[in-house]
Amino acid sequence: MSGFKDDQPAGLSRRSLLKAGAALSVLMATGHAGANQGKRPPAPGLKIRKAFNKLSVSEIESIRTGIRVMKERPESDPTSWWYQANIHGTYTTPTEENAKKTWSNCPHGTYHFLPWHRMYLYYFEKILREAARDPNLALPYWNYTDPDYLDLPEAFRIPASSLNPLWYQDRLPFRDEATSTDLNIGAGDKMPWALIDPTGTMEFINFCSSVQKAGNDFASAKADWIHFTTTFGALESQPHNNVHLLVGGLVAAASGDFLPGAQLAIGSMSDINKAANDPVFWFHHSNIDRLWDHWISLGGGRSDPIEEQEWMQTGFTFFEPDGSPVQVRIADVLDSEKLGYRYDTLELTAAGQASQQQNGQDVAKITSCTATAVTAALAADHGGHAAEQKVAGQATGSGQEPALLHKGGRASAKVMPPVAAVPEKDSKRRVILHLQGISAPMHSFLLPVFANLPSDEKPSLDSPYLVGTISMFGATLKMQPMKFDRTFDITEALRKQVEKGLYSGGEITVTVAGAVPQQVTVDRIRIEYR
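Since this is a predicted model, take the numbers as computed values, not measurements.

A.B. asks: Describe the overall build of the protein chain, with residues and values.
C.D. replies: Scanning the protein chain from N- to C-terminus turns up ten helices and 17 strands. Put simply, the protein chain has 530 residues, and 61% of those count as buried. Across the protein chain, the fraction of contacts at a sequence separation of at least 24, relative to all contacts at a separation of at least 6, is 78%. Looking at the protein chain as shown, the accessible area adds up to about 20,100 Å², and 51% of this sits on carbon and sulfur atoms.

A.B. asks: Hey, could you go over the sheet that holds strand β14 (residues 466–472) for me, with residue numbers and the actual values?
C.D. replies: Strand order across the open sheet formed by four strands is β11-β16-β13-β14, with antiparallel pairing between neighbours. On the outer flanks of this sheet lie β11 (410–415) and β14, each paired with one strand and no other. Adjacent strand axes in the sheet meet at a mean angle of 20°, parallel and antiparallel pairs treated alike. For strand β13 (residues 445–451) and β14, the ladder comprises six bridges, and the chain directions are antiparallel. Following the sheet pairing, Phe445 is matched in β14 by Met472. Along the sheet, helix α7 (residues 234–248) makes contact with β13 and β14, crossing β14 at roughly 65°.

A.B. asks: So, unusual backbone geometry: which residues are in play, and what are the values?
C.D. replies: Residue Pro159 follows Ile158 across a cis peptide bond; omega there is -5°. Residue placement: Pro159 occurs in the loop between α5 (113–132) and β2 (174–176). Despite not being glycine, Asn452 has its phi angle at roughly 75°, a positive value.

A.B. asks: Describe in detail the sheet that holds strand β4 (residues 250–251), supporting the description with residues and values.
C.D. replies: Taken in spatial order, the four strands make up an open sheet running β3-β2-β4-β5, and their pairing is mixed. On the outer flanks of this sheet lie β3 (181–183) and β5 (265–266), each paired with one strand and no other. Here two bridges tie β4 to β5, and the two strands are oriented antiparallel to one another. Each bridged residue has a counterpart across the sheet, and for Leu250 the counterpart in β5 is Ile266.

A.B. asks: Provide a residue-level description of helix α2 (residues 57–72), including the pertinent values.
C.D. replies: Between the first and last C-alpha of α2 there are 23 Å, a value that for 16 residues agrees with the 22 Å anticipated at 1.5 Å per step. Those residues of α2 that sit buried are Ile60, Ser62, Ile63, Arg64, Gly66, Ile67 and Met70. Those residues of α2 hidden inside the fold are in contact with α3 (81–88), α5 and α8 (280–297).

A.B. asks: Please provide a residue-by-residue account of the pattern of salt bridges, values included.
C.D. replies: Enumeration over the complete set of coordinates arrives at 17 salt bridges. For the salt bridge of Asp289 with Arg118, the shortest nitrogen-to-oxygen distance reads 2.6 Å. Here Asp289, found in helix α8, pairs with Arg118, found in helix α5; they are 171 residues apart in sequence, far enough to count as distant. Summarising the burial analysis for this pair, Asp289 and Arg118 share the class buried. The shortest N-O distance in the salt bridge between Arg175 and Asp182 comes to 3.0 Å. By relative accessible area, which is 36% here, Arg175 ends up partly exposed. The exposed category is assigned to Asp182, whose relative accessible area is 52%.

A.B. asks: An account of the nonpolar core is needed here, citing residue identities and associated values.
C.D. replies: Membership of the largest hydrophobic core comes to 97 residues, with the highest contact counts inside it found for Trp142, Trp282 and Phe318. Formed by 34 residues, the second largest nonpolar core is a distinct cluster that contains Leu404, Leu435, Ile525 and Ile527.

A.B. asks: Summarise the pairing of strand β17 (residues 520–529); cite the residues concerned and give the values.
C.D. replies: Judged by how many residues are buried, β17 sits mostly within the fold: nine of ten residues are covered. Direction of pairing for strand β10 (residues 404–406) relative to β17: antiparallel, over a ladder of three bridges. Residue pairing for β17: His406 is matched across the bridge by Val520. As paired strands, strand β12 (residues 431–440) and β17 are joined by eight bridges and run antiparallel to one another. From the neighbouring strand, Ile432 faces β17, where its bridge partner is Glu528.

A.B. asks: Please set out the packing of α2 against α5 residue by residue, giving values where relevant.
C.D. replies: Packing of α2 against α5 leaves a shortest axis separation of 8 Å and a crossing angle of 95°. On the basis of their axis angle, the class for α2 and α5 is roughly perpendicular. The residues of α5 that touch α2, namely those facing Ser62, Ile63, Thr65, Gly66, Ile67, Val69 and Met70, are Phe124, Ile127, Leu128, Ala131 and Ala132.

A.B. asks: Describe the side chain of Arg118, with residues and values.
C.D. replies: On the accessibility criterion, Arg118 (1% relative accessible area) is buried. With residues near it in sequence (within four places) discarded, Arg118 still touches Asp289, Trp292, Asp293, Val333, Leu334, Asp335, Ser336, Leu339 and Tyr341.

A.B. asks: Explain the side chain of Gln436 residue by residue, including any values.
C.D. replies: The topology assignment puts Gln436 in strand β12. Those residues in contact with Gln436 that sit more than four places away from it in its chain are Phe484, Asp485, Val522, Asp523, Arg524 and Arg526.

A.B. asks: Tell me about the environment of Ala440, residues and numbers included.
C.D. replies: Mapped onto the elements, Ala440 comes out in strand β12. Ala440 gets classed as buried once you look at its relative accessible area, which sits at 0%.

A.B. asks: Describe the confidence of the model for the protein chain, naming the residues involved and giving the relevant values.
C.D. replies: Looking at the protein chain as a whole, the pLDDT averages 80, with 75% of positions reaching at least 70. Within the model, pLDDT remains below 50 along residues 254–262, and this stretch shows 25 contacts once partners closer than five positions in the same chain are excluded. Every residue in residues 371–385 scores below 50 in pLDDT, and together they form 49 contacts with partners more than four places removed in sequence or on other chains.

A.B. asks: Can you break down the packing of α7 against α8 residue by residue, with the values?
C.D. replies: At a minimum axis separation of 11 Å, α7 and α8 run at an interaxial angle of 165°. Considered as vectors, α7 and α8 are oriented roughly antiparallel to each other. Of the two elements, α7 crosses α8, and the hand of that crossing is right-handed. Residues Leu235, Pro239, His240, Val243, His244 and Val247 of α7 form the contact with α8, whose participating residues are Val280, Phe281, His284, His285, Ile288 and Leu291. Its residues assigned to classes, the contact of α7 with α8 shows eight nonpolar, four polar and no charged.

A.B. asks: Account for α8, naming residues and giving values.
C.D. replies: Spanning 18 residues, α8 covers 26 Å between terminal C-alpha atoms, matching the ideal 26 Å at 1.5 Å per step. Of all 18 residues in α8, 18 are buried, a share of seventy percent or more. Gly299 lies just past α8 and shows a positive phi near 65°.

Reading the values: the criteria
- Residues numbered from 1 in each chain as written.
- Predicted model: local features only at pLDDT ≥ 70, side-chain atom pairs only at ≥ 80, totals over all residues.
- Heavy atoms only, no water.
- Helix = DSSP H or I, 4+ residues; strand = E, 2+ residues; numbered from the N terminus.
- Buried < 20%, exposed > 50% of the residue type's maximum accessible area, 1.4 Å probe, protein only.
- Contact = heavy atoms within 4.5 Å.
- Areas by Shrake-Rupley, 256 points an atom, 1.4 Å probe, with all protein chains shown as cover.
- Pairing = 2+ DSSP bridges.
- Axes fitted to C-alpha atoms, helices over the stretch in contact; angles between N-to-C directions.
- Expected span 1.5 Å × (residues − 1).
- Salt bridge = Lys/Arg side-chain N within 4 Å of Asp/Glu carboxyl O.
- Core = buried A, V, L, I, M, F, W, Y, C linked by side-chain atoms within 4.5 Å.
- Parallel < 35°, antiparallel > 145°, perpendicular 65-115°, else oblique.
- pLDDT = per-residue confidence, 0-100.
- Left-handed = near helix turned anticlockwise from the far one by under 90°.
- Nonpolar A, V, L, I, M, F, W, Y, C, P; charged D, E, K, R; others polar.

Okay, structure coming up:
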């Protein structure tokens, strides 16, 4: 087991308990945790995590040295590259006691996702700094949330050999005949901005939501620790999952050859139990950690769920640079500056900024993980109208047909919205697409979602009809499908379609297209105007 709570023996030192209490007191007093708001003055003594593209040659070489030293250590050493990677996930069954407690420990699809990975990065960074013998080393981030840096930094690609500790051999192409996609991020291709753009993600006010409302929140569902599941929040879905899948690669076909349960070829970054073996993993997650701080900095009711005491007191085990285990609680890590680091900037490009149309006083602050999650633009108005696909099979297990059945290639369903016209540009009303009761395999896959894609037009990742993705960052294990929801704000996509003469209001066609290892079903499709 992974997490510990107060009623579980954790061996936590009195010093750590005092630290947790002090951190909690500060958090309760300030009303939020995480990033400082706005532009921050210099803070002496803090390590600065910079964008990878801003590193000097010597800073990159220091990181390479640290990785090289860690890779030379035996897998049994908690400070080795391999042991650290196994903490995230592995197919190896551990035999040593500390490894039994810590390997395959990462939580995905729960509200532990962000703080666990913050702890993981923090202790990895300390180990890397010691291995490099560089007291100034700070873990940089891959700034792919700037459209100018959607390609993997050259240092990870060149030279393409084991002599370069940042290069990794198991980065496959991302190919999907159903969407005419053929990308090789490991060879320098750019990731599609539509699959990375964090704008919609940043619109969410709720940090988390109940499992029943999973997919309607920023940071995944309030649920017990689990290695991985399907109840991803907005950030975990995009950009987190999509970056993993695009970099690791996924070689698929549009035919039904992958049904049922056949294995798609996936690279390490696409597999939760292999991802941390690829060096780019750490710099990807440094950016995810930065996006958490960025989300907090937006204000407008966004905050960590510090009233959730079970979450605050949950803890996990990691390792110091000397190899000794250390246990730390979520309450200890909600303020990155108290951990001794900060990011060079929390700002995103204009293309990736969340909408700030609403007045702060118009936003209904929702902090409870059991509250119904809404987007920032909708928080002040809970009286919207909704329309749903009127088909049989909306009830789970009814044995009737679902609203949408996808077996590879493409599948569509038509929905009549409650209001025919798209909201005007200066209107605060939004058009929300709900896909409810999605049943999908636990194997990794990426399934684009389109609104109004013409039946005679081939789907693609640069299509003006693309509104989001259903993505699964999973494993190659055969597991039973799980139910989850996904929510998309499709307002801007519809407005752009209207401007280009591609949509004139009325019925909306919802399409999913892409290769999947097993069939994907959607019980219910709803269009909501808020």
